[in-house]
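Coordinate inspection notes
Read off the chains here:
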Amino acid sequence: MAQATFRIWRGDQNGGAFRDYTAEVGEGMVVLDCIHQIQATQAPDLACRWNCKAGKCGSCSAEINGRPRLMCMTRLDDRRFIDLREPIIVEPMRTFPHIKDLVTDVSWNYKVNRMIPKFQPRKPDAADGTWRMSQAEVDRIQEFRKCIECFLCQDTCHVLRDHRMMGDTVDGELRELFGGPRFMIRVASLEMHPLDIGDRLQLLKDTLNIGLCNITKCCTEVCPEHIHITDNGIIPLKERVVDRFYDPLMWLWHRIFGDRASRESAQNRTPLPVVSS
Amino acid sequence: MDYETHEHDVLVIGAGGAGLRAAIEASAAGVSVGLVCKSLLGKAHTVMAEGGIAAALANVDRRDSWQVHFADTMRGGQYVNNWRMAQIHAQEAPDRVRELEAWGAVFDRTPDGRILQRNFGGHKFPRLAHVGDRTGLEMIRTLQDHGIHLGMSVYMECTIIRLLKDGDRVSGAFGYWRDRGRFVVFQAKAVVLATGGIGKAYKITSNSWEYTGDGHSLAYHAGAELIDMEFVQFHPTGMVWPPSVRGILVTEGVRGEGGCLRNSEGKRFMFDEIPESYKAQTADNEEEGFLYVLAEKYQGRDARRPPELLTRDHVARCIVREVKQGRGSPHGGVFLELDSFARWMKGRNPSFNAAEHWKKKLPSMYHQFKELGNVDITRQPMEVGPTTHYVMGGVRVDADTQMSCVPGLFACGECAAGINGANRLGGNSLSDLLVLGKRAGEFAAKYAKEHSAGQVHADQVEEAARWALSFIDEPQGDENPYKVQADLQETMQDLVGIVRREDEMLRALDIIGQLWERARKARAPINREYNPGWHTCMDLYNLLTVAEAITRSALERKESRGGQFRDDYPHKDTPRFGKVNGVVWKGPDGRMQFRWEPIPEMPAELKEIIREQNQGKLPEELM
Ligand SMILES: Cc1cc2nc3c(=O)[nH]c(=O)nc-3n(C[C@H](O)[C@H](O)[C@H](O)COP(=O)(O)OP(=O)(O)OC[C@H]3O[C@@H](n4cnc5c(N)ncnc54)[C@H](O)[C@@H]3O)c2cc1C
Ligand code: SF4
Ligand code: SF4
Ligand code: FES
C-alpha cells in the first residue's frame, strides 16, 4: 500500500495553519477516505462535512490542490489533480466564512435561496387537477434540477470570491449582492419551467444582479454535475432580461400592461403540442 | 448550565422527506414549527434515493389501483405489516405525488405528457414515479423550496440527544449545535421524530454517518415502544469494488430497466429459485423478461417480470448463495450486466444505441461507476453484492395519526414502523414519507392546538448536558470512539447480518454488553467546536441501543421471513410467528424488554382485495 502526505488546513475563526498527516492509500480510494482515516487514527476532532460518499448530496466540497472539488469524488489516482509524490493540499472553500478545519459557513446561500419566489403553476390542464408536459419540454430544466447544492460554483465565481459581492459590508463598505451561479440556474429552473407563470426577471436584474456576471464560465468548469450553468442557464436569462428591460417594444408593452398582462398571456397560452413516440 | 431555549408548537426532528412533509403540513395548519436536522438542509438521506416513488397513478398501466398496491405491499411484507397503514399509504400516495408536481417537481414524462412510472421489484405494474435515477433529490429539493416559504424555523447542524418529558407526555428536546458545541433546549407541545434509519450499525451499508438510529433510541429511552426490529433490509445490489466504495447503492432501477444478474459461470442464477407465491407472475425465460421491461405482450398475454425483480430479501439471499458456493465475481459479489438486454434490443431495432440509452436511463449510475469504479456500465458488467440499506422496524405508532404510546410524541418515515412488515418494496419508502409524514404533521398540529405546553424540567436538562460533557471532560477513559463504532459494525455484520444463527446472535449480545462498557469510556479531545470525535461518542449510545434491539428481536423470531433469515430456522413458521409483531421497550430497571403482540384481524374487505390479487387465496393461505 502506498503512503501519501495530506496537508490539511486546521483551525477556526481565530486563525489556522496547514498540518501534515500521513495516510495509507489503497486501490480506488478517494480523498474523503483518507480524511476519514486520519480522523479515526490521528485527529479525532478533524472537522469535515460529508453524507452520501457518492457525489449525490453536495456536502463534502473543499479545495484540493487549489481546485474546488467534491472530496468523495476525487480519486487519489486521478493524475489531473493529484501527484502522490507531493503533499496533497486540502483546504476549505475560501469564499465562505470559516468555521473549523474543512467546514465553512454556507448559510449565505440559504438566505439567497429564500429571496426567490416559489414555483407558481398555471391552471391545471386536466379536469383531475393534473398537467401535461412532454419529455422534450422538461429536458431543459431537468438539467438545472440536477444541482446538488455543493456550492463549488459559488466558491469559484470571482464576483463572490474576489469581489465579495454578497450584499454585506466588507471593510466598512457595502457591497452589492450577486446571487451567484447556483441561484442563476435555480431561477432558470423556474423561469423555464413549462408550468410556471411567475416572473422573476426584475429580481434577476435588480436583486440578484445578473448583470455582474461577465460569463467567464469558471462556474461551469467546476460543476460536479456537469450542468452547463453559463451556456444553458445564465446566458438565456441574460437575454430575457435584455429583451424585457432594454428592448423598446417589450419595455412599452410592460409599461402599458404591466407584469400581470404577461402572466395572464402565459396562462392562456395553449400548452405545447404533446409529442408521441 | 448554559443553553439557549426555543419554543414551538410542533418540533420536527429530521429534515428528510418525512420531516419536511410533516413540517409543511403542520405549518399549513397554522401552528409554529421548528425543524431540526443534523446536516445542512437538503442533505438528508432522502436526497440519495434513486429509483422512484411508488404510487398507483395508473399512468402507464391503467389496471393499477390502490388495491393492487396495497396487496403488493402486504405480500412484500409477508403479511406482518400494519394493514391499516398499508391501506392508507396505497390510497393516499397518488395525491401526495401529484401534489409534488404542483409544488414544482419535474418527473419524467409518458408520451402523452403525464408522470412516467417504472417497474420495480414486487410491484405488479409499473408504479414508480421517477426522475432518471435521482428521484430523491427532486423530492427533497421540491419539499425544501416549498417549505422555506411557509414560515417554519429551520435549525441546521443541530443534533438532538434527549427527549424531555413532563410526566407521561413529551415536552421538548435537548441537543447541541454542531459548530460551537453549545447546548439548546426546544420546548414543544408535540414532537415529531423523522430521523431515518440505522445502517451505521453495520459495516457494509448504503447509509451515511447520520444513520445511527437516533430517533429509534430517543423514542425508546423516552418510553415509547419499538416493533419489528429484527427486520433489516439488505439491498441485493451494492458496489463491492474498490473497497472504499463497498456498500454504495446500485439502484434497483438497473434491474427494472433490463439488467441481468449472472454468476462467474455466466449463468442467470435468478431463474433457479423462484418462490411459489411469485411463480405466477415471474417470467421463466429471458425473452419474456425483456418484453416485460418494454411492457409488451408475450404469447398473447402480458409478459411477466424477470426474476431479478423478485423481492430484495430473496435476491440478496440468492447472491449470498452463489458467492458461498464459489460462483461469485472476483471481489466477492456477482455480476450485473446491461449488455444482454442491449443486444436483444439491437436485434429488434438495429439503430438502438446502447451507450445513449443507458446514459439517459441511468445517468447517476453511469457517473458513479465511471468515476468511482473505472467501469463503463454501458459496456462492462458491474460487480455487486448485498448492502445494509433500510430498517423496517422502528417506533410503534398509530396508523391514522402516527402518534406513539408517549402522548405528544409522533414518528414518521424510516424511523417509524408498521407499513413495511418483514420487507419493504422499493419505492414504498418515498411514498411512505409523503403520506405518513403528512399525517404526522397534521395530527401533531392538532395535538398542539388541543394541549397547552408541558414543562421543561431543569434536572432532565442538567443530566443530559452532564452526560454529553462526560466524553470530553472526565479524565478516566481512553477508548477511541471510532474504534468502538468499528467493532460494533463488525459484530453486527458478522453475527446479526443476512444469515443469522442463535449461537452467533448470543455471542453478539455478549459483545454488545462489552461495547456498552467501552462506550462509556470513549473520550474525545477537549474541544466543543465541530468535533466529530465527541459526536461519535454520543452516537454510540444510539447505535448500541438499536443493535441490541435488533439482536434481541431476531433471537426471538425463530423463523425466516422477509428481512430475517435464520439458518437454524430456514422456513416460515406461520402458526407461531405469522400473526405477531415483536415489541421492545425499556423496562423500569432500565433493561430491554421483549414481548409478542398479536396483529389485529384484517377487515373482510381488505382480505377480499388480497384474495382478488392472489388467484383466490386468502392472506392466511399466503402467509
Ligand atoms: C442510496 C439509497 C437509495 C434509496 N432509494 C430509494 C428509492 O428509490 N425509493 C424509495 O422509496 N426509497 C429509497 N431509499 C430509502 C429512502 O431513501 C429512505 O428510507 C428515506 O429517504 C428516509 O427518509 P426519512 O425522511 O425517514 O429520513 P432521512 O431522509 O434520512 O432524514 C433524516 C433526518 O433526520 C435528521 N436527524 C437524524 N438524527 C437526528 C438527531 N439526533 N437530531 C436532529 N436531526 C436528526 C437528519 O439530519 C436528517 O435530516 C433509498 C435509500 C438509500 C440509502
Ligand atoms: S460565468 Fe458568471 S457566474 Fe459563472 S463564474 Fe463567471 S462570473 Fe461567475
Ligand atoms: S450548479 Fe453545480 S457546482 Fe453549482 S451548486 Fe449546483 S451542483 Fe454545485
Ligand atoms: S459526500 Fe455527498 S457529495 Fe460527497
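Cut-offs used in this document
- Residues numbered from 1 in each chain as written.
- Chains lettered and ligands numbered in written order.
- Predicted model: local features only at pLDDT ≥ 70, side-chain atom pairs only at ≥ 80, totals over all residues.
- Heavy atoms only, no water.
- Near = heavy atom within 4 Å.
- Polar contact = N/O pair within 3.5 Å; in protein donor to acceptor, adjacent residues only side chain to side chain.
- Areas by Shrake-Rupley, 256 points an atom, 1.4 Å probe, with all protein chains shown as cover.
- Domains from an automatic or database assignment.
- Contact = heavy atoms within 4.5 Å.
- Buried area = accessible area lost by both parts, 1.4 Å probe.
- Salt bridge = Lys/Arg side-chain N within 4 Å of Asp/Glu carboxyl O.
- Helix = DSSP H or I, 4+ residues; strand = E, 2+ residues; numbered from the N terminus.
- Nonpolar A, V, L, I, M, F, W, Y, C, P; charged D, E, K, R; others polar.
- 1 Å grid on protein atoms, 1.4 Å probe; cavity = no way out; pocket = protein on both sides within 12 Å on 5 of 7 lines; lining within 4 Å.
- Points joined across faces, edges and corners; volume = space filled by probe spheres on them.
- Phe/Tyr/Trp six-rings, centres within 6.5 Å; stacked < 30°, edge-to-face > 60°.
- Buried < 20%, exposed > 50% of the residue type's maximum accessible area, 1.4 Å probe, protein only.
- Lys NZ or Arg CZ within 6 Å of the ring centre and 35° of its normal.

**Remarks on the site of ligand 1**
All names here are of chain B. If you check the shell around ligand 1, you find 40 residues, and the closest are Thr46, Gly51, Glu210, Tyr211 and Asp214. With respect to ligand 1, the backbone of Gly17 contributes an N or O atom lying 3.2 Å from an oxygen atom. The backbone of Gly52 places a nitrogen or oxygen atom 3.0 Å from a nitrogen atom of ligand 1. Taking 1,000 Å² as the accessible area of ligand 1 by itself, protein coverage stands at 98%.

**Quick notes on the domain arrangement of chain A**
Residues and elements named next belong to chain A. Structurally, chain A comprises domain 1 (2-104) and domain 2 (107-267). Averaged C-alpha coordinates put domain 1 and domain 2 at centres separated by 32 Å. Of the residues lining the interface, 14 residues belong to domain 1; the matching set on domain 2 comes to 17 residues. For the pair domain 1 and domain 2, the summed buried area comes to about 1,100 Å², and 59% of that belongs to carbon and sulfur atoms. Considering only the surface of domain 1 that becomes buried against domain 2, Pro68, Thr95 and Phe96 emerge as the three largest contributors, covering 51% of it. The tally of links from domain 1 across to domain 2 stands at 1 salt bridge. Across the pair Glu63 and Arg161 runs a salt bridge, and its minimum N-O distance is 2.8 Å. For the pair domain 1 and domain 2, the interface holds 5 residue pairs in polar contact (both at pLDDT 80 or more). At the level of elements, strand E3 (61-64) and strand E4 (67-70) are the ones that each hand at least two residues to the side of domain 1 that touches domain 2. Taken together, the residues of the side of domain 1 that touches domain 2 break down into 6 nonpolar, 4 polar and 4 charged.

**Examining the interface of chain A and chain B**
Listed per partner, the contact involves 62 residues of chain A and 66 residues of chain B. Buried surface at the junction of chain A and chain B, both sides included, amounts to about 5,300 Å², of which 51% is carbon and sulfur. On the surface where chain A and chain B come into contact, there are 5 salt bridges. Between Glu50 of chain B and Lys56 of chain A there is a salt bridge; the shortest N-O distance is 3.2 Å. The interface formed by chain A and chain B includes 40 residue pairs in polar contact (both at pLDDT 80 or more). Looking at the side of chain A that touches chain B, the elements that each hand over two or more residues are helix H1 (31-41), strand E6 (98-100), helix H2 (107-114), helix H3 (135-144) and helix H6 (181-191) of chain A. The class makeup of the residues in the side of chain A that touches chain B is 30 nonpolar, 15 polar and 17 charged.

**Points about the layout of surface pockets**
Quantified by volume, the second largest pocket comes out at close to 1,400 Å³. Looking at the second largest pocket, it is lined by 48 residues, and the ones nearest its centre are His36, Trp50 and Lys53 of chain A together with Lys200 and Gln489 of chain B. Contributions of two or more residues to the lining of the second largest pocket are made by H1 of chain A together with helix H14 (481-495) and helix H16 (532-556) of chain B.

**What to know about the packing of aromatic side chains**
Under the definition given, this model contains 18 aromatic pairs over all chains. Ring geometry for Phe290 of chain B against Phe341 of chain B: centres 5.3 Å apart, planes inclined by 75°, an arrangement best described as edge-to-face. One end of the pair, Phe290 of chain B, is in helix H7 (residues 286-293); the other, Phe341 of chain B, is in helix H9 (residues 339-348), with 51 residues separating them in the sequence. For Phe341 of chain B, a relative accessible area of 2% corresponds to the buried category. A centroid spacing of 5.2 Å and a plane angle of 90° characterise the contact between Trp467 of chain B and Phe471 of chain B, whose relative ring orientation is edge-to-face. Of this pair, Trp467 of chain B and Phe471 of chain B both sit in helix H13 (residues 458-473), 4 residues apart, which is roughly one turn of that helix. Take Trp467 of chain B: its relative accessible area is 17%, and that puts it in the buried class. An aromatic cluster is built from Phe290, Phe341, Trp344 and Trp358 of chain B, whose rings are joined through pairwise contacts. Looking at Arg94 of chain A, its charged tip hangs above the ring of Trp9 of chain A, at a distance of 4.5 Å from the centre. Directly above the ring of Phe245 of chain A sits Lys205 of chain A, whose terminal nitrogen or CZ lies 4.9 Å from the centroid.

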